[in-house]
Amino acid sequence: ACGDSPNANKNAANGAKTDFLSIGMPNGTVTENNNPFVGTSAGASLGYKWMIYEPLGMWNNVKPSEPPAPWLASKITWSPDWKTVDLEIRTDATWSDGQKLTAEDVVFTHTMIKNNKALNTFAIPYDTITADGDKVKMTFKTSQFTTQHKVISQIPIVPKHIWEKISDPATDPIKEPVGSGPYTLKTFSQQGITLSVRESGYWQPAPAVKELRYTSYADNNAQTTALATGASEWSFVFIPSYEQTFISKDPANYKMWAPGVLGIHGLYINTTQKPFDDPKLRQAMNMVVNRADIFTQAEAGYFHPEIKSITGLPEGAGDAYIADEYKGKTFSVDVAGAKKLLTDSGYTLDGTTLKDKSGKPVTIKLSDPAPWSDYQTTLEIIKSNFAEIGIAATVEKPNQNVWDQNVQKGDFGAVVRWTNGGSTPFDIYQTVMDGDLYKPLGELAQQGNFGRFQSPEATAALKAYSGAADDAARATALATLQKIFVEQAPMLPIGADNVGGAYSTKNWVGWPSDADPYAPLQPTQAGALAVVLRLKPANS
Amino acid sequence: MSIPTSSIEQVIPVQGAMAQPAKKARRNNFRFVSNKKAAAGLIILGIYVLLAIIGPWIAPYDPGARGDQLVAPPSADHWMGTTHLGQDVWSQLLVGTRSVMFVGFLAGIVATVLSVLVGVSAGYIGGKTDETLSVFSNVFLVIPALPLIIIITSVLENADDWLIAMVIGLTSWSWNARVLRAQTLSLRRRDFVEASRATGEKTWRIIGFELLPNLTAVIASGFVGTVIFAVLSEITLAFIGVTSNTTWNWGTILFWAQGQQALAQNAWWWFVPAGLAIALLGTALSLINFGIDEFVSPRLRSAGKTKIKTTSGRTVRMRIGFTPVIQKEASRD
Amino acid sequence: MKYFLQRLAFYVFTAWAAITLNFFIPRMIPGDPVQALITKYQGQLSSQAIESLYVLFGIDKDRGLWSEYVDYWKQLLSGDLGLSFTFFPTPVSEILSDSLPWTLTLIGVTTVISFVLGTGLGVLAGWRRGSWVDGLLPVTTFLSSIPYFWLGIIAIYLLTGPDSFFPSSGGYDIALEPAWDQWFIPSAIQHSLLPALTILISSVSGWILSMRNMMVTVASEDYITVAHAKGLPERRVALGYAARNALLPNVSGFALSLGFIVGGTLLVEIVFSYPGVGFQLFQALGAQDYPLMQGVFLVITISVLVANLLADVAYLLLDPRTRKEG
Amino acid sequence: MTEPVLEIKNLNVDYGLGDQSVHAIRDVSLTLHRGEVLGLAGESGSGKSTLAYGMTRLLPPPGVITGGQVIYTPESGDPYDVLQLTDRQLRGFRWSETAIVFQGAMNSLNPVHKISTQLTDVLRAHEPKMSESSRNARAREMLKLVGIAADRMDAYPHQLSGGMRQRVMIGMALILQPQVVIMDEPTTALDVVMQRQILGQLIELRERLGFSVIFITHDLSLLVEFSNRIAIMYGGRIVEEAPASALYRDSLHPYSQGLLGSFPALRGPRRELTGIPGSPPDLKGMPSGCSFHPRCPKAFDPCATEIPVLTAHGDRSAACWLVER
Amino acid sequence: MTSIPDAKAPAGEVVLEAVGLTKHFPVRRRLKDVFSRTHKAVHAVDDVHLTLRRGQVVALVGESGSGKSTVARLLAQLYPRTGGDIRLHGETTKVTSGSSFRRYAARVQMIFQDPFASLNPTHTIRYHLTRPLKIHGTAGDDLEKSLHELLERVSLTPPERYLDKFPHELSGGQRQRVAIARALGARPEALLADEPVSMLDVSIRLGVLNLLRDLKERLDLAILYITHDIASARYFADETMVMYAGRMVEGGDSETVTQAPAHPYTQLLIESAPDPDRLAGAADVADEDRGNGEPPSLINPPTGCRFHPRCPKAMARCSTDEPVRLEIGDVPGHWAACWLYDKNEVAK
Ligand SMILES: Nc1ncnc2c1ncn2[C@@H]1O[C@H](COP(=O)(O)OP(=O)(O)OP(=O)(O)O)[C@@H](O)[C@H]1O
Ligand SMILES: Nc1ncnc2c1ncn2[C@@H]1O[C@H](COP(=O)(O)OP(=O)(O)OP(=O)(O)O)[C@@H](O)[C@H]1O
Ligand SMILES: [Mg+2]
Ligand SMILES: [Mg+2]
């Protein structure tokens, strides 16, 4: 690192033109690994793999129901049964080493994943992958309706001429990544990674941001501080009281946008434990959870956007999927209603203690690992909510391994946990209710259904949804799922996942917002590329 | 966590300064309490112990209960303000005292008992036993304790205060064992031990009645040192979120404060008091240890006085090597 | 020499004990790294990835403990500490070699400064009792009773900020690449100041005190009186005679407290996000990354052992009595 | 008698000040003449060491000199009061004019420095102009003088035996050719054989070099043999002072008589051993009058009330009412 | 050549007897010694013969490190012996611990050199004296009476004044008396006094020695008096033995040994003792050649007579042959381990 001081353009804020963007993530240290398929690589954990490697289509998580926009594939056509996709690969894209990007590269990438279990992180059931000129055809063993976005927009395409020489693509650190994206890796260090824009050859107009500087901050505190001081201009991090600790430091420029996506967090109830096997009890519990409190106090008023619809689907991203029956039906704390429901179904409220049908006091153990302070806070709030209907809850903080183990074994009272996310509500409901994922108590349920919820109806509806041939069938299946979810309350939804971020408009403008939600605002999402391409200097 | 200062000083009495003090031990029993440092330390410690006992009863609120005022600065209602859930920090502090003191003292006791067992028997029995025990305790001494404790606790399923105290106690006895062994070795060579053997005393009686009473100061100092270490360790574990205990302690308060970035929110009342409470407790324990050190080593004790006043009101500074000369107006007869 | 060989044998034994302990610890930990990784991402990583991760990490649970132990030694002896899970597939040794220099420099330099400064002040305090240094004692006692991490966080709160000279985290300016050049080194020093300062503040008092007490004890030795009687300059008496002898027990104390110091700095690294091994251990713990955990613990232990050995050698050099024949 | 080289006048030493203080040396006056060996004897705690350290201002805290003068007459030049010297002057005075040999040689030598370093240290401090090689030569010479082979120069104290260490100390004391050498129980830790060797050597050196010696011990028979004059201390005071032979044959003070009667003699006829009844006084609660009176077999009226003053009787003096008679 | 294994027995029953008593302390083996077969040892005591009789004081004199204390501790069975025999009333005894040791301790008691170190600072005088009484059979109502008796016997009167004091509250002489009382508490027949007065002030030494003599006479004790002050042996002991480097070199009636020393080492010792009758300055350092005499190493003791390297009268055979006890003509029971007194040599 000789020559000019690398700090030379640091003072750009003082009027001079700024040509870099600082992006931060609170991920601790990273090691030099740019492998786009390995989740533990620096490229994946900080998200810069999407600046180097591009997907076939660009999917906007914020509007999951919209199909992915063409990207490396200029045309994407699915068969009605969602088992075949026809792609037209654009011909004007080149790799950063100058070679042309072809359909062969796409076939190579997907074939490599198909043949390498370690790389197939989405467990995509490939069947055949063939190329024909610029066209690529892929067939699958099952319907890809619920996973189409993964195939199209979550798998980066890599150059065949380089990767075919790599002996083990799953463990190679890819120290010198060559991709089709607008940026190339300039420098790598434990704390910071610099990407510089490609001189030429990018198939779209070159982005205005000449350099991307990724920093991996040690923890949320460090990241928040960096945001507050302006050292970081874009990040995705949990900021307690963000108004005070972040926005107020420069209200004109510091912004936060946190759109929800189709993935939620909620209280999984162990439905095998008495009396919580009673849907009525769970329903009553659902009625007293104060989601607004949780949203403001535990989630800092933004991080997990409050779930309003009783179907558990997030506002915005989920709106399109809510069954007619439940449109407009939102959660509200209704202690009196819950009490009535309970007494009607045979419970008694003895002073401040709820007694079940056999006369035993109802108690529940809530647990989550200690370091997850938002979950912990949530549990504290839930605990006091439950107290209002006489359920005595205790909050435990086992360490994470123990907790993991216990949740999978079904050895818990209730835990706040997440669901998988996706492009449809399928992932949410599957994680909570899928009978196929059911494991007897004591066996590890790794994929979902931790609460051991057993409803053949729900399992069938899930199957019907993912395998349906048309929208109507899907709508019916979804309505069934929602009905079960609402009436049986196997899990009490609380907040949505968000793909937002905190950013600064001091140097760069053009970020997505409620008014123009063109892409997710999370630097690690594939959509981050779309954001970077839209940014313009603030003072121009 | 810090280096328990006292433990370093413990090296000193071993150097033989012990030879004299024992002679005077009895006479100075009350002197220990009259030592200003020790007295101050004991008073502060006494207050903490009292709070550990009555804390949960006098706490104005349930430390976990949510309130309406979120992250509110200190006020008449909440003397030390509130947390992001409206919990009363003062109540958390009060209630947390018990766990801190419990773990500190239990770990101190466990480590002390172990160190006495290992150190004294190694020193007294000697030979192969000594060599084995010495190597054993030296191994424990050299392996960094805190990382070890962190790793062990993270392995434990549900670490409650008992378990944490045991882990800390079981990993932190070695220093004291070493000091005790050295002391025992030097005591063993003293004639009174031999004399009681010649009188026909049994071995356990020699250890229990001849050696141990002469080791009390060292044992006490080791105990206090371990308590400091245990308190800091417990708080550290809670702070970094390794321990899963559901009871409140000061580390838990700091954990929440840090997780919610209390300082970035300018909520100093949330973060500062617990830290000060720890520091004050540590200081009190250190003071007690100074007292013990000075009690054990008369040189240190007299070292306290460095300036003396003459009758005519002049202060004279004591200096080694240059005895002050005060010429009295009228020489005495 | 005999003394030295004895110590060496002891260190070898201790290293063996530590390594064996190290081998067993992760084997007692419940859960597995794949799940830990999924959990770490809290929904950002879909649970469909589980299968592929098992393949990727190559986890094979059914092996005899003994054969694992033997393999573990084989690996160790060939310098292979395995692959980290959190940073898969980076070798643990690589992560450690990235982070160890930071820790060594930070701990090494501050410990030595703290020792030297504390010892120096202790010499002053012990020699000139009643001087200003004595006033320092209660203050440093209080400061040393404060947990490192608390002090560090308060320091960050009070001293760092947008316009502050002190950076709040990291080991160097993020815009820089590690290199021995005129930008990186000053930046690294600048970043180490605050962590160093907190370590210094909380550890120096131990040295001051023990040195002071040793000085007081030594000052009443006959040879000090003789030195005065010889009419030697005060500096010579204080340093060449008193401090030189008072230093001896402190040197061995220094060695033994290294373990404590390492424990303490671990927290400083966590608080200041300093890219050292302590921070790695913290991360490894959270992520169930037991190869990394083992590696870090091993490195810490070995470094403490080596430091102890060095202190032993120093003691050997400083105290002629141990050099006695044979 | 030759001219005085060191005159102690009315020296008083306290340990501590205020209520807690202990008056350890009470109005002691003593004269050391050029070239003589002055013996100082007394029981443990009588203040012998305190006197020796006091006159050179080497008392450890909380010792305080509360009065008196120590007049030193250099070989050429005017006499001056050692207690009035500035620190700097005092440092120059020490060792070059008066050297001290302490009781425990093991503890008097710094365990971490070679004996050559400790010998040349003195030269470096007092004769800074001296070259390194001549310093070493001088150190070697001194070792030879006390009968230690020069090849032991680079030994550390622990490598020498007790006797050798003590000899090193004596050699070190003489390295600057001081006028006065104070020896505080230089041989108590040694064997009788070694003791005789070392003292013999010292006396011989004194004859060659001509310094004066203050020789402190509680072994009166040793003193009688080796010194010219003897002063007996009791309870911080000098109670008798006389030429050695005179004291041995016919001591005036009952305490001196008691001391002499406590030693079993090896030669000659078996004498009746009398000893001294009772135990030494406690400095904090000194008896009134003559502090020896509670133990004195010959005590009478004035002893309990009035303090006897040291008065001269020819070439000897005593502080006892018996003698006043 | 006449060699006498034992001095001719004067009046008095033999209580304790050491025959060829030997003690070697193993030297800690070093790393480099691991491969060598030889086991190094400190030859602290070699072939010591000693007889303690009822009502008699035997003095053991010798320079520091000559093995005097080791002999005492061996006799008290505090150390296991390497060789030789200890006979109590003619019976071989070997006890290490347990009740047999306690029975032995009841008959043979030891007093230590340093009265400051031999009393436990944390216990009262009462405790110190109660223990031997309890261990050796006095209990119950007698206890208090026995305590008083003990204290009175050592002239600490009135006993009440001392019983509840701590050691530090007593003077050195008083402490040594307590130590003696403790030894007496076991009602021993033999008392081993290891330099009982060397740490005491000159003026109070006499008192303690007189007390011991008094006890010897009144209780008919057999006393071993260890000292490095040969003059006090003359005054206090009936018989005096001189030790050098772990071996006995001379023994006999105290007056004879001190007034007509036979062994060159004893002669040197006596010559070196301060002599007030010599005049100041007249002290000539006659034997410079004797000067550098350092005690020999006990790990590799000199062959033959251990004194030969320092001996002014050494002969060739002294460095090769170990001298045996040879009777000296003058007084019965006076012997020396020196070839000078071998008849063949004398004849030459
Ligand atoms: N640091 C001290 N504080 C109080 N009193 C002291 C101190 N040092 C000595 N003394 C007292 O001063 C008196 C004289 O002591 P000093 O050491 O001069 O006696 P000494 O004649 O040299 O005795 P010894 O023969 O034991 O060396 C003693 O009674 C002693 O208790
Ligand atoms: N426990 C032991 N281990 C090894 N060597 C020992 C031990 N005890 C004594 N010695 C050695 O045995 C020799 C005789 O020691 P001892 O104590 O019997 O001598 P002493 O005549 O009593 O001397 P002093 O007059 O100094 O008391 C010494 O060289 C000593 O170093
Ligand atoms: Mg003295
Ligand atoms: Mg001895």
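For clarity, every value in this text was computed on a predicted model and none was experimentally measured. (Residues numbered from 1 in each chain as written. Chains lettered and ligands numbered in written order. Predicted model: local features only at pLDDT ≥ 70, side-chain atom pairs only at ≥ 80, totals over all residues. Heavy atoms only, no water.)

Enquirer: Describe in detail the overall build of chain B, supporting the description with residues and values.
Expert: When helices and strands are tallied, chain B shows 15 helices and two strands. For chain B, buried positions account for 64% of its 333 residues. A separation of at least 24 residues holds for 71% of the contacts in chain B among residues at least 6 apart in sequence. Counting every atom, chain B has about 11,900 Å² of accessible surface; 64% of that belongs to carbon and sulfur. (Helix = DSSP H or I, 4+ residues; strand = E, 2+ residues; numbered from the N terminus. Buried < 20%, exposed > 50% of the residue type's maximum accessible area, 1.4 Å probe, protein only. Contact = heavy atoms within 4.5 Å. Areas by Shrake-Rupley, 256 points an atom, 1.4 Å probe, with all protein chains shown as cover.)

Enquirer: Tell me about the site of ligand 2, residues and numbers included.
Expert: Residues and elements named next belong to chain E. Taken together, 14 residues surround ligand 2, and among them Ser64, Gly65, Lys68, Ser69 and Thr70 come closest. In the environment of ligand 2, an oxygen atom lies 2.6 Å from a nitrogen or oxygen atom belonging to the side chain of Ser64. Protein burial of ligand 2: of its 630 Å² of free accessible surface, 64% is covered by the chains. Those elements giving two or more residues to the shell around ligand 2 turn out to be β2 (41-53) and α1 (68-75). Ranked by the residues each element gives to the shell around ligand 2, the list is headed by α1, at three residues. Tallied by class, the residues present in the shell around ligand 2 amount to five nonpolar, six polar and three charged. (Near = heavy atom within 4 Å. Polar contact = N/O pair within 3.5 Å; in protein donor to acceptor, adjacent residues only side chain to side chain. Nonpolar A, V, L, I, M, F, W, Y, C, P; charged D, E, K, R; others polar.)

Enquirer: How would you sum up the interface of chain C and chain B? Please name residues and give values.
Expert: Every contact between the two is made by 65 residues of chain C and, on the other side, 59 residues of chain B. A combined buried area of about 5,700 Å² lies between chain C and chain B, and 77% of that area is made up of carbon and sulfur atoms. Across the chain C-chain B interface, the total number found is three residue pairs in polar contact (both at pLDDT 80 or more). Breaking the side of chain C that touches chain B down by element, the ones donating at least two residues are α1 (2-28), α6 (132-145), α7 (148-159), α8 (184-219), α9 (222-229), α10 (234-272), α11 (277-286) and α12 (290-318) of chain C. Looking at the side of chain C that touches chain B, its residues break down into 39 nonpolar, 21 polar and five charged. (Buried area = accessible area lost by both parts, 1.4 Å probe.)

Enquirer: Now, about the pairing of strand β1 (residues 14-26) of chain E: what can you tell me, with residues and values included?
Expert: All names here are of chain E. As paired strands, β1 and β2 are joined by nine bridges and run antiparallel to one another. Paired with His24 across the two strands is His43, which belongs to β2. With five bridges joining them, β1 and strand β4 (residues 83-88) adopt antiparallel strand pairing. Bridge pairing in β4 links Ala18 to Ile86. (Pairing = 2+ DSSP bridges.)

Enquirer: Break down the UniProt feature "transmembrane region" (unreviewed entry) in chain B for me, with residues and values.
Expert: Residue and element names in this part refer to chain B. If you check UniProt for "transmembrane region" (unreviewed entry), the listed places come out as residues 38-59, 100-123, 135-156, 162-180, 215-240 and 268-292 in our numbering. Spanning residues 100-123, this segment combines 100% helix with 0% strand, and its end C-alpha atoms are found 33 Å apart. Here residues 268-292 is 100% helix and 0% strand, with 36 Å between the C-alpha atoms at its ends. (UniProt positions renumbered as here; feature names shortened; annotations may be inferred.)

Enquirer: Quick rundown of unusual backbone geometry? Include the residues and the values.
Expert: Trans peptide bonds make up the majority, and among non-glycine residues the majority have a negative phi. Here the residue pair A:Lys274 and A:Pro275 is connected by a cis peptide bond, since its omega of -5 degrees sits within 30 degrees of zero. Locating A:Pro275 in the fold gives a position in the loop between β13 (260-269) and α8 (279-288). Although it is not a glycine, E:Gln77 adopts a positive phi angle of roughly 60 degrees. Take E:Gln77: it is sitting in the loop between α1 and β4. For E:Arg187, which is not a glycine, the phi torsion comes out positive at approximately 50 degrees. Its place among the elements puts E:Arg187 in the loop between α6 (172-185) and β7 (190-194).

Enquirer: Can you lay out the environment of E:Ser66 for me, pointing to particular residues and giving the numbers?
Expert: All names here are of chain E. The residue Ser66 is located in the loop between β3 (57-61) and α1 in this model. You can call Ser66 buried: its relative accessible area is 1%. Separated by 178 residues in sequence, Ser66 and Tyr244 place their C-alpha atoms 5.2 Å apart. Side-chain polar atoms of Ser66 contact the backbone oxygen of Glu63, separated by 2.7 Å.

Enquirer: Describe in detail the sheet that holds strand β1 (residues 4-15) of chain D, supporting the description with residues and values.
Expert: All names here are of chain D. On the basis of which strands lie adjacent, the open sheet formed by four strands has the order β2-β1-β4-β5 and antiparallel pairing. Only two strands of the sheet have a single partner each, and these edge strands are β2 (22-33) and β5 (80-81). Both β1 and strand β4 (residues 63-72) contribute to a ladder of eight bridges, which runs antiparallel. When the bridges of β4 are listed, Glu7 appears paired with Ile71.

Enquirer: Which residues make up the confidence of the model for chain B, and what values do they have?
Expert: Residues of chain B with pLDDT of at least 70 account for 81%, and the chain-wide mean is 79. Every residue in residues 1-28 of chain B scores below 50 in pLDDT, and together they form 86 contacts with partners more than four places removed in sequence or on other chains. (pLDDT = per-residue confidence, 0-100.)

Enquirer: An account of the arrangement of the chains is needed here, citing residue identities and associated values.
Expert: By contact count, the dominant pairing among the eight pairs of chains in contact is that of chains B and C. Separated throughout, chain A and chain D approach each other most closely at a C-alpha pair spaced 48 Å apart. Contact between chain A and chain E is absent, and the minimum C-alpha spacing across the pair is 47 Å.

Enquirer: So what's going on with the domain arrangement of chain E? Residues and values would help.
Expert: Residues and elements named next belong to chain E. Its domain assignment divides chain E into domain 1 (14-26 + 40-251) and domain 2 (261-347). Between domain 1 and domain 2, the C-alpha centre-to-centre distance is 29 Å. Listed per partner, the contact involves 23 residues of domain 1 and 23 residues of domain 2. Contact with domain 2 buries area across many residues of domain 1, yet Tyr244, Val249 and Glu250 alone supply 32% of it, more than any other trio. Run the count over domain 1 and domain 2 and you get three salt bridges. For Arg306, the salt bridge goes to Asp46, with nearest N and O atoms at 2.4 Å. On the surface where domain 1 and domain 2 come into contact, there are 14 residue pairs in polar contact (both at pLDDT 80 or more). At the level of secondary structure, the elements contributing two or more residues to the side of domain 1 that touches domain 2 comprise β2, β9 (239-244) and β10 (247-253). Of the residues contributing to the side of domain 1 that touches domain 2, the split by class is twelve nonpolar, six polar and five charged. (Domains from an automatic or database assignment. Salt bridge = Lys/Arg side-chain N within 4 Å of Asp/Glu carboxyl O.)

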